[in-house]
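An overview of the molecular structure
Okay, here's what each chain looks like letter by letter:
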Amino acid sequence: LREHEERERSDRAAGALKTYKDQIYNDPDSPVTGNPNGDITIVVFLDYNCGYCRSNLPLVKALVAKDKMIRVIYKELPILGPNSEIAARAAVAAHRQGKYLEFQDALFRSNGVGAATIRSVAASLGMDYAALSKDMADQKVRSAIERTRTLADALGIDGTPAYIIGTQLIPGAVDADVLDQIVAEERAKLPKTGPERSSQGPKQN
């Protein structure tokens, strides 16, 4: 019975990943890091108040540093209170200034994610805080986060971190060995002649 339920869950997830492919891979407000032409894409759903995100994301970044064919897409999913919402809007706004990854790293290293911390982080990165504040209040930034919430609901994601790696949806934190294993599994599914790419994202997704 457990195997049957797991298979059904896997089938539902696979169907959802196909249905929402464009929202997953082509949202202009979702920052892309790593190799934009990589053969494997890791999609990360995160919340800045999430301790597991704080400890797990460095493993993803270490994998990107090691594997030059990995592309990473970040999705802001604030589910842990008002400060998470503020931090998510600040991160999307930081993306507009080309400082997303630096902002993300600094915010996770800080001792909180409230308004004062965001101002301090922006100053430390030499960002235009007035522009950041204006963008944080922009309805388009709010809409970007709402799109991620809607996508997460559609995919059955109700916690952070969560990952999409190729054809697999992984809820919860994973260790470095598991990340390596999943990437290897997904890479093994690719055509032997190399992945064909399209405007809809990697072929295997």
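Conventions adopted
- Residues numbered from 1 in each chain as written.
- Predicted model: local features only at pLDDT ≥ 70, side-chain atom pairs only at ≥ 80, totals over all residues.
- Heavy atoms only, no water.
- Buried < 20%, exposed > 50% of the residue type's maximum accessible area, 1.4 Å probe, protein only.
- Helix = DSSP H or I, 4+ residues; strand = E, 2+ residues; numbered from the N terminus.
- Contact = heavy atoms within 4.5 Å.
- Core = buried A, V, L, I, M, F, W, Y, C linked by side-chain atoms within 4.5 Å.
- Axes fitted to C-alpha atoms, helices over the stretch in contact; angles between N-to-C directions.
- Parallel < 35°, antiparallel > 145°, perpendicular 65-115°, else oblique.
- Left-handed = near helix turned anticlockwise from the far one by under 90°.
- Nonpolar A, V, L, I, M, F, W, Y, C, P; charged D, E, K, R; others polar.
- pLDDT = per-residue confidence, 0-100.
- Lys, Arg positive; Asp, Glu negative; His and termini not counted.
- Salt bridge = Lys/Arg side-chain N within 4 Å of Asp/Glu carboxyl O.
- Pairing = 2+ DSSP bridges.

Attention now goes to helix α5 (residues 100-109). What sets the pattern is the α-helix's 3.6 residues per turn: residues three or four places apart point alike. Listed in full, the buried residues belonging to α5 are Tyr100, Phe103, Gln104, Ala106, Leu107 and Phe108. Where α5 is buried, its residues contact β2 (40-46), α3 (51-66), β3 (70-76), α4 (82-96), α6 (115-124) and α7 (129-136).

This paragraph deals with the nonpolar core. Ranked by internal contacts, the top residues of the largest apolar core, which has 39 residues, are Ile42, Leu46, Tyr48, Phe103, Leu132, Tyr163 and Ile165. In this view, tyrosine 163 contacts Ile42, Val43, Val44, Asn56, Leu57, Val60, Gln168, Leu169, Ile170, Gly172 and Val174; residues no more than four positions away in its chain are not counted. In this structure, Tyr25, Phe45, Ile157 and Ala162 belong to the second largest nonpolar core, which totals 14 residues.

Let us look at the packing of α4 against helix α8 (residues 139-155). Direction vectors running N to C along α4 and α8 enclose 115 degrees, while the axes themselves pass 10 Å from each other. Taken together, the axis directions place α4 and α8 in an arrangement best described as roughly perpendicular. Between α4 and α8 the crossing geometry is right-handed. Seen from α4, the contacting residues are Glu85, Ala88, Arg89, Val92 and Arg96; seen from α8, they are Lys140, Val141, Arg142, Ala144, Ile145 and Arg149. Split by residue class, the contact of α4 with α8 holds five nonpolar, no polar and six charged.

The next thing to look at is the confidence of the model for the protein chain. Looking at the protein chain, pLDDT values average 89 and 89% of them are 70 or higher. Taken as a whole, residues 194-200 scores under 50 in pLDDT and shows 13 contacts with residues more than four places along the chain or in a different chain.

Our next topic: the side chain of aspartate 47. Residue placement: aspartate 47 occurs in the loop between β2 and α3. Buried charge aspartate 47 goes without a salt bridge, the closest partner of opposite sign being arginine 149 at 7.6 Å. Excluding anything up to four places from it in sequence, aspartate 47 contacts Cys53, Leu77, Pro78, Ile79, Leu80, Ser84, Phe108 and Thr160.

Strand order in the open sheet formed by five strands is β1-β3-β2-β4-β5, and the pairing between neighbours is mixed. Edge positions in the sheet fall to β1 (32-34) and β5 (168-171), since each of these pairs with one other strand and no more. Across this sheet, the average inter-strand angle for adjacent strands is 20 degrees, counted without regard to direction. The sheet strands contacting α3 are β1, β2, β3 and β4 (162-165), and the helix crosses β3 at an angle near 155 degrees.

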